[in-house]
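Given next are the chains, with one letter for each unit.
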Amino acid sequence: MSTLRALRAEHYPRATEHIPEMVAMITTLLEQGNAYMADGDVYFRIATFPAYGELSHLDRAGLRPGARVSTDKYDKESVSDFALWKKSQPGDEKLGAGWDAPFGLGRPGWHIECSAMSKRYLGDTLDIHAGGIDLMFPHHENEIAQSEAANHKTFARVWLHSEHLADATGEKMSKSAGAFTTLRDLLNAGHDPLAIRFFLIANAHYRARLRLSNETLHSAAEQVRRLREFADRVNRTQPAAEDDANFTARVAEVRTGYREALDDDLNLPHGIGLVFELIREANAALDAERVGEQGLAELRGLIDEVDAHLDVVHAEEPGLAEEVERLIAEREDARKSRDFAKADRIREDLRQRGIALEDSKEGVRWRRVK
RNA sequence: GGCGACGUAGCCAAGUGGCAAGGCAGAGGUCUGCAAAACCUCCAUCCCCAGUUCGAUUCUGGGCGUCGCCUCCA
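As the structure is a prediction and not an experimental result, all values here were calculated from the model.

S.K.: I'm lost on the packing of helix H7 (residues 214–236) against helix H10 (residues 293–310) in this one. Help?
M.R.: For any two helices packed against each other, the geometry comes down to the angle between their axes and how far apart the axes lie. At a minimum axis distance of 10 Å, the contact between H7 and H10 shows a crossing angle of 145°. Crossing angle aside, the handedness with which H7 passes H10 is left-handed. Residues Leu-227, Phe-230, Ala-231, Val-234 and Asn-235 of H7 form the contact with H10, whose participating residues are Leu-296, Leu-299, Arg-300, Ile-303 and Leu-310. Considering only residue class, the contact of H7 with H10 consists of eight nonpolar, one polar and one charged.

S.K.: In this structure, what is going on with the pairing of strand S5 (residues 126–132)? I would like to understand it.
M.R.: Put simply, side chains in a regular strand alternate between the two faces of the sheet. Bridge count between S5 and strand S6 (residues 156–162): six bridges; the pairing is parallel. By the bridge assignment, Ala-130 is partnered in S6 with Leu-160. Considered for its hand, the β-α-β crossover made up of S5, helix H4 (residues 136–151) and S6 is right-handed.

S.K.: Any chance you could explain the sheet that holds strand S1 (residues 35–38) here in plain terms?
M.R.: Remark on secondary structure: sheet strands pair via backbone hydrogen bonds, oriented parallel or antiparallel. What the four strands build is an open sheet, ordered S1-S2-S3-S4; its pairing is antiparallel. One side of each edge strand has no neighbouring strand; the edge strands of this open sheet are S1 and strand S4 (106–108). When strand polarity is set aside, the average angle formed by the axes of neighbouring strands in this sheet is 20°. As judged from the four bridges shared by S1 and strand S2 (residues 41–44), these two strands associate in the antiparallel manner. Bridge pairing in S2 places Ala-35 opposite Phe-44.

S.K.: What should I look at first to understand the protein's contact with RNA strand B in this one?
M.R.: Neighbouring residues of RNA strand B: 54 residues in total, closest Trp-110, Asn-203, Arg-209, Gln-223 and Asn-267. In the interface set of RNA strand B, defined as its atoms within 4 Å of the protein, sugar plus phosphate atoms amount to 68%. His-205 has a polar backbone atom sitting 3.3 Å from a phosphate oxygen of RNA strand B. Measuring from a sugar or linking oxygen of RNA strand B, one finds a side-chain N or O atom of Asp-287 at 3.4 Å. The residue inventory of the surface near RNA strand B, partitioned by class, reads 14 nonpolar, 13 polar and 27 charged.

S.K.: What exactly am I supposed to notice about the side chain of Asp-41 here?
M.R.: By the secondary structure assignment, Asp-41 is in strand S2. At 2.8 Å, the side chain of Asp-41 and the backbone nitrogen of Lys-87 are in polar contact.

S.K.: Would you mind going over the packing of aromatic side chains with me for this structure?
M.R.: In the structure shown here, the tally under the stated rule is six aromatic pairs. Seen in terms of ring centroids, Phe-44 and Phe-82 are 5.2 Å apart; in terms of plane orientation they differ by 10°. Their pairing is stacked. In this pair, Phe-44 is assigned in strand S2 and Phe-82 in the loop between helix H2 (66–69) and strand S3 (83–87), connecting sequence segments 38 residues apart. Each of the two residues, Phe-44 as well as Phe-82, counts as buried.

S.K.: Could you clarify how one ought to interpret unusual backbone geometry in this entry?
M.R.: What is expected of a backbone is that most residues other than glycine have negative phi and most peptide bonds are trans. Residues Phe-137 and Pro-138 are joined by a peptide bond in cis, for which omega reads 0°. Within the element layout of this structure, Pro-138 appears in helix H4. Non-glycine residue Arg-5 carries a positive phi angle of around 60°. Checked against the element boundaries, Arg-5 lands in the segment before helix H1 (19–32). Residue class for Arg-5 comes out partly exposed when judged on its relative accessible area of 32%. Positive phi outside glycine occurs at Asp-265, with the angle close to 55°.

S.K.: Explain helix H9 (residues 268–287) here, please?
M.R.: Residues separated by three or four positions in an α-helix point in the same direction, a consequence of the helix having 3.6 residues per turn. For H9, spanning 20 residues, the distance from its first C-alpha to its last is 28 Å, which sits close to the expected 28 Å at 1.5 Å a residue. Those residues of H9 not exposed but buried are Leu-268, Gly-271, Ile-272, Val-275, Phe-276, Leu-278, Ile-279, Ala-282, Asn-283, Ala-285 and Leu-286. Considering only its buried residues, H9 is in contact with helix H6 (193–202), H7, helix H8 (245–263) and H10. The backbone nitrogen of His-270 lies 3.2 Å from a side-chain oxygen of the residue at the head of H9, namely Asn-267.

S.K.: I would appreciate a short explanation of the nonpolar core in the present structure.
M.R.: Ranked by size, the top nonpolar core spans 42 residues in total, and within it Phe-198, Leu-227, Phe-230, Ile-272, Leu-299 and Leu-310 carry the most contacts. Going through the elements one at a time, H6, H7, H8, H9 and H10 are the ones with two or more residues in this core. The biggest single contributor to this core is H9, with nine residues. The contacts of Leu-299, once residues within four sequence positions are left out, are Phe-230, Val-234, Phe-247, Val-251, Leu-278, Ala-282 and Val-291.

Rules used throughout
Residues numbered from 1 in each chain as written. Chains lettered and ligands numbered in written order. Predicted model: local features only at pLDDT ≥ 70, side-chain atom pairs only at ≥ 80, totals over all residues. Heavy atoms only, no water. Axes fitted to C-alpha atoms, helices over the stretch in contact; angles between N-to-C directions. Helix = DSSP H or I, 4+ residues; strand = E, 2+ residues; numbered from the N terminus. Left-handed = near helix turned anticlockwise from the far one by under 90°. Contact = heavy atoms within 4.5 Å. Nonpolar A, V, L, I, M, F, W, Y, C, P; charged D, E, K, R; others polar. Pairing = 2+ DSSP bridges. Right-handed = clockwise from strand over helix to strand, strands pointing away. Near = heavy atom within 4 Å. Polar contact = N/O pair within 3.5 Å; in protein donor to acceptor, adjacent residues only side chain to side chain. Phe/Tyr/Trp six-rings, centres within 6.5 Å; stacked < 30°, edge-to-face > 60°. Buried < 20%, exposed > 50% of the residue type's maximum accessible area, 1.4 Å probe, protein only. Expected span 1.5 Å × (residues − 1). Core = buried A, V, L, I, M, F, W, Y, C linked by side-chain atoms within 4.5 Å.

As structure tokens, this is what we get:
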């Protein structure tokens, strides 16, 4: 997660350390009649929760009971009732998977932990509950049922379900099917972490399936490079004597558009599109020296705002390697004496070491490349 | 079989009832000692058919195709 520069959560609660919270919630559900015991297990009684299925627009009548009954041969009242607590099975204790509860030795069902732990750390009502689209049913549906039945409060105000990452063929990456690519794989293949980050959050809308391929990652890497080049240029450019009011207004306009795109269900791809459009215009304006003090300030403000979300521009400011600077100076001397063979050799040597040089009016710049 | 999502240029992708953002890749230029970066120019009858409409990629219906969920992976 740190490779991708993801922020850490405040809490990483462990289910096994919150058994009492789960037991308490199950007890409440039992007392209220939202749950019942059957053959030593505790099940949630879906019949007591009419809203069940609303999140996933599931028509319970359309469920195929056959599919689960074969593996779930217990005395449930309804096939869709799900387990809150399962009595200990032979062998459970060896694994340390057995806890004492008023309703018998056993282990929690596999949805109750989320209800119990989110209640403890975040309260009865969450502002936003996020998760992968495949968790919508049954996991989130069950969470809602448990939490709302127990707490008598709305469980989550907003649900944010993201689509899956898929491989280049469009198939969902699946751990069980053995078809997946790890972050480590990508890094080993030479992909830049920042490019991977950009790809993941900005390549497509979060509700659209992302397809991972060398081509999409390369595209992301180029976009990151372009953003960074531009930010770099804005930072080292001296303001023009006068501002072009039209240009300054244009930057503000894009900034507003960017915000509106994000406000519209986090449409980052759209917002980024606006920003790239502006970058082209801004580069042209910078060439024409139409950007003064105010224009530069506007541009910096926009970059900062965008990078607050992308976090790929200000990331890892590489310190200037003294040797690179020395070689650049040496090459400059060679160029001044028109010894281009030597100048090109130095540039090529650096290139081999992953350092690219760019000559410009403001001097020589260098950056890391693959 | 049930429920749902999607189908936009070589690739990724946004979007709207009124001549289709952006990025990558590609072609040609400008600039440069050569490059790089940057800029300019070029590159799509929006899966098919029918309907509604003055007008549909955008709405409706029907196809075809891809994918997801309906499994105690959570």
